[in-house]
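Fold and contact review
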Amino acid sequence: MIRLDRDNVPLLFLIGALIPTTIFLVIQAVNDPALFLETLIKALGLGAVYALIALGFVLIFKATQTVNFAQGALAAAGALFVSFLVADEHIPFTTVPNPLINIGPEWLGWGLSVLVALIFAALLGLIIERITIRPMVGEPLFSVAVITLGLEIVLRVFNNDTVKTEFRALEIPWGNGGTTVGGAFINYSVIAALITAVVAFVGVFFFYRSKTGIAMRAVAFDQEAAMAQGINVGRVFAIAWAAGAVLAAIGGIFATQPPVKQTGAVEPETANIAFRALPAVILGGLDSATGALLGGLIVGLAEIFAGQYAAGESDWLGAGYPVIVPYIVMIIGLLVRPYGLFGTPEIRRV
Amino acid sequence: MDWGSIIENTVRGLIGEQAIYFALAALGLNIHFGFTGLLNFGQAVFMAAGAYGLAMTVASEEPHDLILFTIGDGNGFWLGIFMGVIVFPVILALILGIPTLRLRADYLAMVTIATAEIFRLVARTPALDDWTGSSDGLTGFASTFYDWSPFEPRQRYFFNLFQGNQMWVFIIGWITVAIVAFILWLLIRSPWGRVLKAIREDEDAARSLGKNAYAYKMQALILGGVVGAIGGTLRAIGTQSAQPDNFITDVTFFAWVAVILGGAGKVFGPIIGSMLLWATLAFADTFLREGVDAGWVPDWLITGTQVGQVRFMLVGLGLVFLAWRRPQGIFGNKEEMALDDR
């Protein structure tokens, strides 16, 4: 039974707003099922991209208690590695030609190159962790946050200088193509993003139950106690950063594709995907993988559906306003459940 | 190597307009972080609020006619200053603070950095062209300010460092910094300032003594935001434009560098920090450029066009080093900054 006290007011407002929204959407779905299906798939695709970025963020935060502001720059850097391998056809930072690109059919060579790019991304994460995060264990929160902000700038300078003004293509085999199901156009990239997200989350689910994963959860719970039990905390940190960087890179690749972008190429704006995914992280809870998935999907749904169905009702805001929808969802989420849908409640203080 | 131009540029960085804008941004951030312990990673959006508050009131298409109709042409600039310095940042601080100030510190950090980016995206939206000028931004709102200038625009002043208009911004800017710093100095010494420090040190203790920590933190967020917005307004006047890309994450980062360089928790620290930051940047820029021209820096390492980027990278690395070795800043006091993670 929900009692009306100060804490419940935002929740009641939320329920009050959700009921008419649902009715409106049901009417729309009956009127034009094809458009509704198309919007839904697109929204799930965007949600999957947000969820991938959010998952990397959550992994790093859970293991190392670090708010990683460099996630976006890592995403752009990961996409850039792919571009080096498949567009320039050489190994990053060298002039050695990429031998993988000619193996088998086009998609196989491309896929293998992407795997190599992800290995490079993991190495980047490891290097960053070893040089800048490891020495900061036990230092104040803000120093580490400022350091990741500094990293973001260093990486972004490198990215932008490499990209310059021309976009760097990723030569994704399926491009902007798609298929039509029941009158609804579905991009292949959306399907790919959804499959990748499912694989990533199943992977994390099993990883948390492996020996290393249990060690990581122990470190997240109590670093000192974990250390006293003989858990190698440094190794846990390294794994978390490598995994976070890989997830960021995957998110960065999808950030160049529909529904996020149509260009299929790395550009300076690619790094923004992490800032757009922050609402998903906060909504789901900073330290919960399930939260990252659900938060990403909710934010993706809200953004795409608002863009599709509410745009006509708000002429004065115009076409660009779905960008702020995740932010509004985040604020409402913070008011209703400050520690996120699945986060640890201790985060609430007052 | 032209040492004359290196010294001239460094001095210009030390006391120039950029140092003024970021001194104000850092003064505001110091209230948030240094005195109250709030992790604001979106000081750029407070500066943007100041710049756009002025620019949208005076120069944008949409609200312009309405405002002129109501208050008359000559007062638009003052109304713009009021909107930029008070109304916009206060509303922004309330939006940011109400959901997050009851939570752990990292929530404010994430909400502010996300807000700063989202504000930039919204301001760039072509659909809002009539309000924000989209990615071109707004111009032509500062002429009233320069009409009062006693200096000849074409002449150079102060050891040939500044042109007339810059000189006028320079003088008004440093006067503003001095007034703001003096007011903050008084506030921090007042009982109100001591409560802020108590909250920074131990929020639970402050609350058990009957202080409403949430309200005090909100007041600190608003005050720091207003000071940052003054910096943003001045910056918009100085550059005569309010553009979304002037308020990227780097702006927040520079404000943090200024706070940490000067020492958090010291009233005058951020001013020194900002001056040092821009002097260093100007020195690195000119020095590297001269080095590239003279052939001392090999071409494969840095080319002339990359210098502007590389100096930012150097500042990033410098701050990483500083936050690692000396988090209380160069002039800061370690006892003053015994922050624990909250």
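Scroll up a little and you will see the structure.
Residues numbered from 1 in each chain as written. Chains lettered and ligands numbered in written order. Predicted model: local features only at pLDDT ≥ 70, side-chain atom pairs only at ≥ 80, totals over all residues. Heavy atoms only, no water.

**Overview of a nonpolar patch on the surface**
Residue and element names in this part refer to chain B. A contiguous nonpolar surface patch, about 690 Å² in accessible area, is contributed by Met1, Trp3, Ile7, Val11, Phe283, Phe287 and Trp296. Taken together, the elements giving at least two residues each to the nonpolar patch come down to α1 (3-15) and α14 (269-294). In terms of residue count, α1 provides more of the nonpolar patch than any other element does, three residues in total. Topologically, Ile7 is positioned in helix α1. What makes Ile7 exposed here is its relative accessible area of 52%. (Patch = residues over 30% accessible without salt bridge, like charges linked within 9 Å, V, L, I, M, F, W, Y side chains within 5 Å. Areas by Shrake-Rupley, 256 points an atom, 1.4 Å probe, with all protein chains shown as cover. Salt bridge = Lys/Arg side-chain N within 4 Å of Asp/Glu carboxyl O. Helix = DSSP H or I, 4+ residues; strand = E, 2+ residues; numbered from the N terminus. Buried < 20%, exposed > 50% of the residue type's maximum accessible area, 1.4 Å probe, protein only.)

**A few points about the packing of helix α3 (residues 43-59) of chain B against helix α5 (residues 76-100) of chain B**
Residues and elements named next belong to chain B. Across the interface, α3 lies against α5 with an axial gap of 7 Å and an inter-helix angle of 140°. Judged on the interaxial angle alone, α5 and α3 are oblique. Two packed elements cross with a definite hand, and for α3 against α5 that hand is right-handed. Of the residues in α5, those in contact with Val45, Phe46, Ala49, Gly50, Tyr52, Gly53, Leu54, Met56, Thr57 and Val58 of α3 are Gly76, Phe77, Leu79, Gly80, Ile81, Met83, Gly84, Phe88, Pro89, Leu92, Ala93 and Leu96. (Axes fitted to C-alpha atoms, helices over the stretch in contact; angles between N-to-C directions. Parallel < 35°, antiparallel > 145°, perpendicular 65-115°, else oblique. Left-handed = near helix turned anticlockwise from the far one by under 90°. Contact = heavy atoms within 4.5 Å.)

**Thoughts on unusual backbone geometry**
Residue and element names in this part refer to chain A. The amide bond that connects Pro258 to the next residue, Pro259, takes the cis arrangement and shows omega of 5°. Tracing the backbone shows Pro259 in the loop between α9 (233-254) and β4 (265-266). For Glu89, which is not a glycine, the phi torsion comes out positive at approximately 55°. Along the chain, the position of Glu89 falls in the loop between α3 (71-86) and α4 (106-133). Under the relative-accessibility criterion, Glu89 is labelled partly exposed at 37%.

**Considerations on helix α9 (residues 164-189) of chain B**
For α9(B), spanning 26 residues, the distance from its first C-alpha to its last is 38 Å, which sits close to the expected 38 Å at 1.5 Å a residue. Here α9(B) has its buried residues at B:Gly164, B:Met167, B:Trp168, B:Val169, B:Phe170, B:Gly173, B:Val177, B:Val180, B:Ala181, B:Leu184 and B:Ile188. (Expected span 1.5 Å × (residues − 1).)

**Considerations on the interface of chain A and chain B**
Residue-level contacts link 51 residues of chain A with 50 residues of chain B. Where chain A abuts chain B, roughly 4,800 Å² becomes buried across the two surfaces, and 73% of that area is made up of carbon and sulfur atoms. At the junction of chain A and chain B, the tally comes to one salt bridge. The salt bridge partner of A:Arg156 is B:Asp250, with a shortest N-O separation of 2.6 Å. At the junction of chain A with chain B, the criterion picks out two residue pairs in polar contact (both at pLDDT 80 or more). Elements with a contribution of two residues or more to the side of chain A that touches chain B: α2 (33-64), α5 (141-163), α10 (272-284) and α12 (325-336) of chain A. Per element, the largest residue contribution to the side of chain A that touches chain B is 15 residues, and it comes from α5(A). (Buried area = accessible area lost by both parts, 1.4 Å probe. Polar contact = N/O pair within 3.5 Å; in protein donor to acceptor, adjacent residues only side chain to side chain.)

**Thoughts on the pattern of salt bridges**
A full pass over the atoms with the stated rule returns 14 salt bridges over all chains. Of the charged contacts in the structure, one is a salt bridge between A:Arg156 and A:Glu152, with a shortest N-O distance of 3.2 Å. Pair noted here: A:Arg156 and A:Glu152 are both in helix α5, with a separation of four residues, about one helical turn. Of the two residues examined, A:Arg156 and A:Glu152, each falls in the buried class. For the salt bridge of B:Asp285 with B:Arg289, the shortest nitrogen-to-oxygen distance reads 3.1 Å. Highlighted residues: B:Asp285 and B:Arg289, both in helix α14, separated by four residues, approximately one helical turn. Overlapping salt bridges, with partners in common, bring together B:Glu117, B:Arg120, B:Arg124 and B:Asp245 in one network.

Note that all results are geometric; they support no functional claim without further evidence.
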